4 protein chains.
Amino acid sequence: MQKISVGVLGATGMVGQQYIALLAQHPWFEVRYVAASPRSAGKPYHEAMTGRWQLAGAWGPSVGGLILEDANDLAAAVRASRQGRLGFVFSALEMEKEAVLSLEQAYAAQGIPVLSNASANRWTADVPMLIPEVNPQHTDIIPVQQQARGWKGGFIAVKPNCSIQSYLIPVYALLKAGYEVRRLFVTTLQSVSGSGYPGVPSLDIIDNVVPYIGGEEEKSEGEPLKILGQIRNGRIEPAAGPLISAHCNRVPVVNGHTACVSLEFGTKKPSIEEVKAIWTGFSSLPQEWDLPMAPKQPIILREEANRPQPRKDRDADKAMAITLGRIRPCPLFDLRFVGLSHNTIRGAAGGGVLNAELLKSQGYLG
Amino acid sequence: MQKISVGVLGATGMVGQQYIALLAQHPWFEVRYVAASPRSAGKPYHEAMTGRWQLAGAWGPSVGGLILEDANDLAAAVRASRQGRLGFVFSALEMEKEAVLSLEQAYAAQGIPVLSNASANRWTADVPMLIPEVNPQHTDIIPVQQQARGWKGGFIAVKPNCSIQSYLIPVYALLKAGYEVRRLFVTTLQSVSGSGYPGVPSLDIIDNVVPYIGGEEEKSEGEPLKILGQIRNGRIEPAAGPLISAHCNRVPVVNGHTACVSLEFGTKKPSIEEVKAIWTGFSSLPQEWDLPMAPKQPIILREEANRPQPRKDRDADKAMAITLGRIRPCPLFDLRFVGLSHNTIRGAAGGGVLNAELLKSQGYLG
Amino acid sequence: MQKISVGVLGATGMVGQQYIALLAQHPWFEVRYVAASPRSAGKPYHEAMTGRWQLAGAWGPSVGGLILEDANDLAAAVRASRQGRLGFVFSALEMEKEAVLSLEQAYAAQGIPVLSNASANRWTADVPMLIPEVNPQHTDIIPVQQQARGWKGGFIAVKPNCSIQSYLIPVYALLKAGYEVRRLFVTTLQSVSGSGYPGVPSLDIIDNVVPYIGGEEEKSEGEPLKILGQIRNGRIEPAAGPLISAHCNRVPVVNGHTACVSLEFGTKKPSIEEVKAIWTGFSSLPQEWDLPMAPKQPIILREEANRPQPRKDRDADKAMAITLGRIRPCPLFDLRFVGLSHNTIRGAAGGGVLNAELLKSQGYLG
Amino acid sequence: MQKISVGVLGATGMVGQQYIALLAQHPWFEVRYVAASPRSAGKPYHEAMTGRWQLAGAWGPSVGGLILEDANDLAAAVRASRQGRLGFVFSALEMEKEAVLSLEQAYAAQGIPVLSNASANRWTADVPMLIPEVNPQHTDIIPVQQQARGWKGGFIAVKPNCSIQSYLIPVYALLKAGYEVRRLFVTTLQSVSGSGYPGVPSLDIIDNVVPYIGGEEEKSEGEPLKILGQIRNGRIEPAAGPLISAHCNRVPVVNGHTACVSLEFGTKKPSIEEVKAIWTGFSSLPQEWDLPMAPKQPIILREEANRPQPRKDRDADKAMAITLGRIRPCPLFDLRFVGLSHNTIRGAAGGGVLNAELLKSQGYLG
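Residues numbered from 1 in each chain as written. Chains lettered and ligands numbered in written order. Predicted model: local features only at pLDDT ≥ 70, side-chain atom pairs only at ≥ 80, totals over all residues.

### Observations concerning the sheet that holds strand β7 (residues 181-190) of chain A
Residues and elements named next belong to chain A.
Okay, step 1: Spatially, the 6 strands line up as an open sheet ordered β10-β7-β11-β14-β13-β12, and their pairing is mixed. Taken across any chain shown, the strands that pair with only one partner, and hence form the sheet edges, are β10 (243-250) and β12 (299-301). Pairs of neighbouring strands in the sheet enclose a mean axial angle of 25°, with direction left out of account.
Okay, step 2: Direction of pairing for β7 relative to β10: parallel, over a ladder of 8 bridges. Paired with Thr187 across the bridge in β10 is His247.
Okay, step 3: In the packing of helix α8 (residues 216-227) onto the sheet, contacts are made with β7 and β10, and the angle to β10 comes to roughly 145°. (Pairing = 2+ DSSP bridges. Helix = DSSP H or I, 4+ residues; strand = E, 2+ residues; numbered from the N terminus. Axes fitted to C-alpha atoms, helices over the stretch in contact; angles between N-to-C directions. Contact = placed C-beta atoms within 7 Å.)

Here it is, written out as structure tokens:
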């Protein structure tokens, strides 16, 4: 099978780098187009990244020689698309929200599918916000989106914020098993890589906690509702629940977001043992279709009293599995647990690659 | 005024050191008796502490030359008491719970008041568990305690766990202002000094979070009820509420416990502005009596979006003030906020000194 | 005595903040003029600093209300000077080197003495680079500087880089005692506050070391020679030795630079015991004149095997003392030791204040 | 090929765990025997390790079910050896030096080869201390050792301290290229995993540096001389040089030791470019024989100004490569550089496995 040519917009940033590292040996996709700010444009990727590459892993052999394009230069992208060097793009743009919004739409209008990590289009009503284990059927909105806008081939699909992975997938598994989740308290302890590079100054975080991350609580409370929503009348209508209260903290951890969760069921309440069985047995479309980036088991349970921990559990199953622990009753609600996921892989680039694999398998790409 | 002679049991441990540092220049108390495990006994304090003293501050000039006693050697304590070198003891013993329980009672039976940081006697029904701003009237149980046990002069009073300071004092201020608090979710991010020395291994906490602290959640949920309780029939009966769900985490911070709190009022609910006014204006007996260790203002509010932070706020007002921030509505309950307090000062030795000042002012010491 | 009015250029930056905190209760100086970039100009200081103030300590009561001036606006400074609100300035400007160079000279030309933390004028031949314990007599060049440039009242004096404090003061004590120091190897482990705010990204330093700090090794090797130099023919001629090889690392520490030093004496070599006696007994002009910011004892020796340590020793004697430990023979050179000093206090603002106290006592200020 | 059965003594400790993780999929060796302290003996390995396993990687499928033996129970080991379950042992014993010394000799006397990480036998004159890239020929002493002691089949070989890897391999490459290295200054910045678990208390190292590691400087100065020595008259005679001065620090890093090195050549001095060519081109027996654990290229050069860094470079080539950077002239000696190696893999268990592969290839094992 010939690999699909992929572009990365924002290729020099933190998430862009993570995409390039993850795709270095991908069986379906190959990075053949890299774009960033005008400042970097024109340089070979390896040259632009000297002293700037943040990851322990390396880029694919052919990526180093690619010449960085200006992400605003749509003509260059169209040219690459016609030459077969650009089948779709991952957008990891770090620009003003309005600029991202219109630039992503411009790519899609030119027939180039956009899989975005940016938050700009997350609340656009006909844009699916995907976690492949949870709402793979939301891609049904893509033809509607294309028709409404008169786009041919191009479309926009997005992934949600990194902070919600470690509780939304478990919540969905409970819903799927027939248990309503009415309300949910979550306090997150988020790693510094979540804010990119240079991101959090070391003076703010060594021997410290910052109990605030701008915009994060709103995303953590709101995005799950769209993901659990229904397509109706050409738009994704958010679900009515669960109602969520999120408190988001930054802690001195490099990678891995931890979430302390209390949840309240509806009238039907599973036992702790049932909950454990539901989570251990949970599997979904990415597992059924055996997508390359999918973890074998999306949810891993740890029985030790002091797990999950970011440094020990974040890399589980290609850093794509969610690790849960401390499953126990709650004195106020019904159930408490701790969830952990890798924020720049499951929560960002890895989640984006899994979205692409889903879309490819559904026939939307390539 | 002649200073009261004070003993420190567990004088070589972390909290014991903190007591000795805090009392180095205290206007009412002077450390003249230090005791620890049999292993250290017989050595001058300065010699025993070479390479073991953990604090930036220093001990008082006369403490270095004191000879360490064996804390189990009751006869030595009685001798010191008769010679006027021991008016009461701070107990910061790090022994098995049963051993602490009986040793503290043995000191009290010999007429030596015991102000304890240990958890052993916290749930003894006739032992007051004190936060001077919250329940100074619980010392009324002391004569009952003495009479029931036939003790003359001696008694036991304890301080609660370090994790509850940053939310119980604010909750009490609301109760005092006439607002019932029904339920409370709290997630703590606790510093490593909370587990003493050597305590948390660095391999467990650098670039990591440990989402579990043995016994801490039970204490965080239960102790507030006793502190808010009433003396009835010679015992302190715990209050019925607020019901608390606590999730306790260890984070890579040296000093200072952070608490993310959501609380639900009873039918009468104050506005956010009323809550702020209540907290800013809160003052209690220690402030009224101008006790030396009391913060001028027990609760400090910060209006910046990203405060309180452990490294920047833990030392506020001799590290005895509670700093609050991010006061805002909660989508599920009524009110959310972040609280912070210094765990080895307000939450341990400083709180113990304030207890002693209260007891002295009430006529129970010296 | 009426206090001298002081201005701080770069008042919103890290070192500027430290100046303002240190001068909050200074007996001789009072901050009455604050200036920063055009962006901040026009705002009251307290307003500009909301969410930006990095220190645990606070500013003086009258500083919050001062209106920030544009540091480039010389006319404003001259006006303040005429109105008695500006006796001299501390320059903590964070601008391009050339811009700092000319701006500092412009202030001096207007009759306003400049005490600078910037590196721009450190190698100007008639500008003294001062450590008051080492080369207080270098201020003799000030009249020469003023005459050569036709300045009246104004002059420039600078302080050296923060990295050299912990070995240059000990080396000077040995020189003063008659022992030539020929060669010196030093490896520094420097804290993140040394590069200001936002400075070092947390992604670069959590669970990491960065073995490079731009320009730092050159300063660490070169500046000691000027400080140990002689005034000759209207310029400060650098000393010929000791020859220094410096390796500078950034480590995950908030404050405090550690230096591992090996040094080689000339033909006359003191014993380890003599060295210890020289260092313990070392005292200089700031101690003799009892300057307010001077540590009682400039060099503190610790005998424990594992000291000095940044977190435990950086605050010794107002954070102005140098702490030394591990004094032992070197298998290659003659002597090894570890030195530690607080980089933003002794190495920056505190050192600057001490310079001002020296200059005031010598009659150059006020 | 049938795999050789391997035992791990000290299988529950930090280095023991690392051995078990590294051997999970080794092509030549299989762990079939695990032993630890009497306290753990009798339990299945998986049970003993619940909550104690420190690594992100996992043990091999058959290891979890192995019953832990008492490492002192020689009879059990002999039995296993006769049953073919124990071809040789890796010793990662954490006991008193004298106890390790005699226990390792007892195993060898019973015909069981011992490859040790402990320091006990490092200075035994007929025991080779091996870095396979440097002194593979030192295994020639094994028959001498066996004959002198009357051992059949059994022998002892050891690996050196973790701190010396990052400078001794580069120094050896220079020696091999014909350049004498006379003197060497090294300052190490060592990670906390170097002292095992629980090891360094977090209170000692968060926001701190500890400028002392007991015994480490002596090992860092002395062990290179034995490794560079010659077999003469049935013993390994240490080399006369290079003379080394080592200063060893503990820093808040999880894994990876950094070394800042200055070295002085003999009369013949290579240029910086020659040095780089020697290091880039360096290859030795493990590469020639393509041993499974050998890095393809033992020394990796980084040209960026700020590398190597522990978090980014420690895992290079299975964490077995040494990464060097900042190669530049030294104002006092001839050459300066920074070296980095992974202390628990290259410096401990990985180095031990490479030793075993060397010994197997030379015919001493299996």
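### Overview of the relation of the copies chain C and chain D
Okay, step 1: Screw-axis analysis of chain C against chain D gives a translation of 0.0 Å along the axis, an RMSD of 0.0 Å, and a rotation angle of 180°. In the structure described here, the two chain copies are related by an operation that fits a two-fold rotation axis.
Okay, step 2: The fraction of interface residues of chain C whose copies in chain D are also interface residues reaches 100%, indicating that both copies meet through the same surface. (Least-squares fit on C-alpha atoms with pLDDT ≥ 70 in both.)

### Side note on the pairing of strand β4 (residues 88-91) of chain B
Residues and elements named next belong to chain B.
Okay, step 1: On β4, burial covers both faces: Phe88 and Phe90 on one face and Val89 and Ser91 on the other are all buried.
Okay, step 2: Pairing of strand β1 (residues 4-9) with β4 involves 4 bridges; the strand directions are parallel. Bridge pairing in β4 links Leu9 to Ser91.
Okay, step 3: The pairing of β4 with strand β5 (residues 114-116) spans 3 bridges and is parallel. Of the residues in β5, the one forming a bridge with Val89 is Val114.
Okay, step 4: Each parallel crossover has a hand, and for β4 linked through helix α4 (residues 97-109) to β5 it is right-handed. (Buried ≥ 20, exposed ≤ 12 C-beta atoms within 10 Å, placed from the backbone. Right-handed = clockwise from strand over helix to strand, strands pointing away.)

### Here's the deal with the interface of chain B and chain A
Note: interface size is frequently given as the accessible area lost on complex formation between the parts.
Okay, step 1: Of the residues lining the interface, 34 residues belong to chain B; the matching set on chain A comes to 34 residues.
Okay, step 2: If you list the elements that add at least two residues to the side of chain B that touches chain A, you get β7 (181-190), β10 (243-250), β11 (257-265), α11 (310-313) and β14 (335-341) of chain B.
Okay, step 3: No other element matches β10 of chain B, which puts 5 residues into the side of chain B that touches chain A.
Okay, step 4: When grouped by side-chain class, the residues that make up the side of chain B that touches chain A number 19 nonpolar, 9 polar and 6 charged. (Nonpolar A, V, L, I, M, F, W, Y, C, P; charged D, E, K, R; others polar.)

### Structural notes on the relation of the copies chain B and chain A
Okay, step 1: You can overlay chain B on chain A at an RMSD of 0.0 Å; the transform is a turn of 180° with a shift of 0.0 Å along its axis.
Okay, step 2: When the interface residues of chain B are mapped onto chain A, 100% of them again lie at the interface, so the same face is used by both copies.

### A few points about helix α6 (residues 165-176) of chain B
All names here are of chain B.
Okay, step 1: End to end, α6 covers 16 Å across 12 residues, agreeing with the expected 16 Å (1.5 Å per residue, within 8%).
Okay, step 2: With respect to burial, α6 is a largely interior element, 10 of its 12 residues being buried.
Okay, step 3: All buried positions along α6 are accounted for by Gln165, Ser166, Tyr167, Leu168, Ile169, Pro170, Val171, Tyr172, Ala173 and Leu174.
Okay, step 4: With its phi angle positive at about 100°, Gly178 sits one or two positions after the end of α6. (Expected span 1.5 Å × (residues − 1).)

### As for the environment of Gly7 of chain A
Residue and element names in this part refer to chain A.
Okay, step 1: Position of Gly7 among the secondary structure elements: in strand β1 (residues 4-9).
Okay, step 2: According to the C-beta neighbour criterion, Gly7 is buried, with 27 such atoms within 10 Å.
Okay, step 3: In this structure, the C-alpha to C-alpha distance between Gly7 and Gly60, residues 53 residues apart in sequence, is 13 Å.

### A word on the domain arrangement of chain A
Residue and element names in this part refer to chain A.
Okay, step 1: Split into domains, chain A comes out as domain 1 (4-161 + 348-361) and domain 2 (163-342).
Okay, step 2: Computed from C-alpha atoms alone, the centre-to-centre distance between domain 1 and domain 2 is 25 Å.
Okay, step 3: Taken residue by residue, the interface counts 31 residues in domain 1 and 28 residues in domain 2.
Okay, step 4: Sorting elements by how many residues they give to the side of domain 1 that touches domain 2 places helix α13 (residues 345-361) first, with 6 residues.
Okay, step 5: Grouping the amino acids of the side of domain 1 that touches domain 2 by side-chain chemistry returns 17 nonpolar, 8 polar and 6 charged. (Domains from an automatic or database assignment.)

### Notes on the interface of chain C and chain D
Okay, step 1: The interface is formed by 34 residues belonging to chain C together with 34 residues belonging to chain D.
Okay, step 2: Of the residues contributing to the side of chain C that touches chain D, the split by class is 19 nonpolar, 9 polar and 6 charged.

### Considerations on the pairing of strand β2 (residues 29-36) of chain C
Residue and element names in this part refer to chain C.
Okay, step 1: Among the 8 residues in β2, 7 count as buried, and that is most of the element.
Okay, step 2: Strand direction decides the pairing type here: strand β1 (residues 4-9) and β2, joined by 6 bridges, are parallel. In the sheet register, Ile4 faces β2, and the bridge partner there is Phe29.
Okay, step 3: You can see the chain leave β1, run along helix α1 (residues 14-22) and come back into β2, and the turn it takes is right-handed.
Okay, step 4: By the bridge criterion, 2 bridges tie β2 to strand β3 (residues 69-70) in an arrangement that is parallel. Within β3, the position partnered with Ala35 by the bridge is Glu69.

### Points about the packing of helix α6 (residues 165-176) of chain D against helix α9 (residues 272-281) of chain D
Residues and elements named next belong to chain D.
Okay, step 1: At a minimum axis separation of 9 Å, α6 and α9 run at an interaxial angle of 110°. One element, α6, and the other, α9, form an angle in the roughly perpendicular class. Residues Pro170, Ala173 and Leu174 of α6 form the contact with α9, whose participating residues are Val275, Ile278 and Trp279.
Okay, step 2: Residues belonging to the contact of α6 with α9 are distributed by class as follows: 6 nonpolar, no polar and no charged. (Parallel < 35°, antiparallel > 145°, perpendicular 65-115°, else oblique.)

### Some thoughts on the sheet that holds strand β6 (residues 156-158) of chain A
Residue and element names in this part refer to chain A.
Okay, step 1: Spatially, 6 strands are ordered β3-β2-β1-β4-β5-β6 in an open sheet, and the strand pairing comes out parallel. A strand with exactly one partner marks an edge of an open sheet, and here the two such strands are β3 (69-70) and β6.
Okay, step 2: Most of the contacts of helix α4 (residues 97-109) go to strand β5 (residues 114-116), to which it runs at about 150°, and overall it touches β4 (88-91), β5 and β6.

### So, the packing of helix α1 (residues 14-22) of chain D against helix α13 (residues 345-361) of chain D
Residues and elements named next belong to chain D.
Okay, step 1: At a minimum axis distance of 9 Å, the contact between α1 and α13 shows a crossing angle of 50°. Taken together, α1 and α13 sit at an angle that is classed as oblique. In the packing of α1 onto α13, the handedness of the crossing is right-handed. Two secondary-structure elements touch here, α1 through Val15, Gln18, Tyr19 and Leu22 and α13 through Ile345, Ala348, Ala349, Gly350, Gly352 and Val353.
Okay, step 2: Looking at the contact of α1 with α13 residue by residue, the class counts come to 7 nonpolar, 3 polar and no charged. (Left-handed = near helix turned anticlockwise from the far one by under 90°.)

### Digging into unusual backbone geometry
Note: most peptide bonds trans; most residues except glycine with negative phi.
Okay, step 1: At the junction of Arg307 of chain A and Pro308 of chain A, the peptide bond is cis and its omega measures out at 5° in the coordinates.
Okay, step 2: In this fold, Pro308 of chain A is placed in the loop between β12 and α11 (310-313).
Okay, step 3: Notably, Asp290 of chain A is not glycine yet its phi reads approximately 55°, a positive angle.
Okay, step 4: By secondary structure assignment, the location of Asp290 of chain A is in the loop between α10 (285-288) and β12.
Okay, step 5: Phi at Asp207 of chain B is positive, roughly 55°, even though this residue is not glycine.
Okay, step 6: Here Asp207 of chain B shows up in the loop between α7 (202-205) and α8 (216-227).

### Considerations on the environment of Leu332 of chain A
All names here are of chain A.
Okay, step 1: Along the chain, Leu332 falls in the loop between β13 (322-329) and β14 (335-341).
Okay, step 2: Look at Leu332 and you get buried, because 20 C-beta atoms sit within 10 Å.
Okay, step 3: When the C-alpha positions of Leu332 and Glu264 are compared, they lie 8.5 Å apart, and in sequence the two are 68 residues distant.

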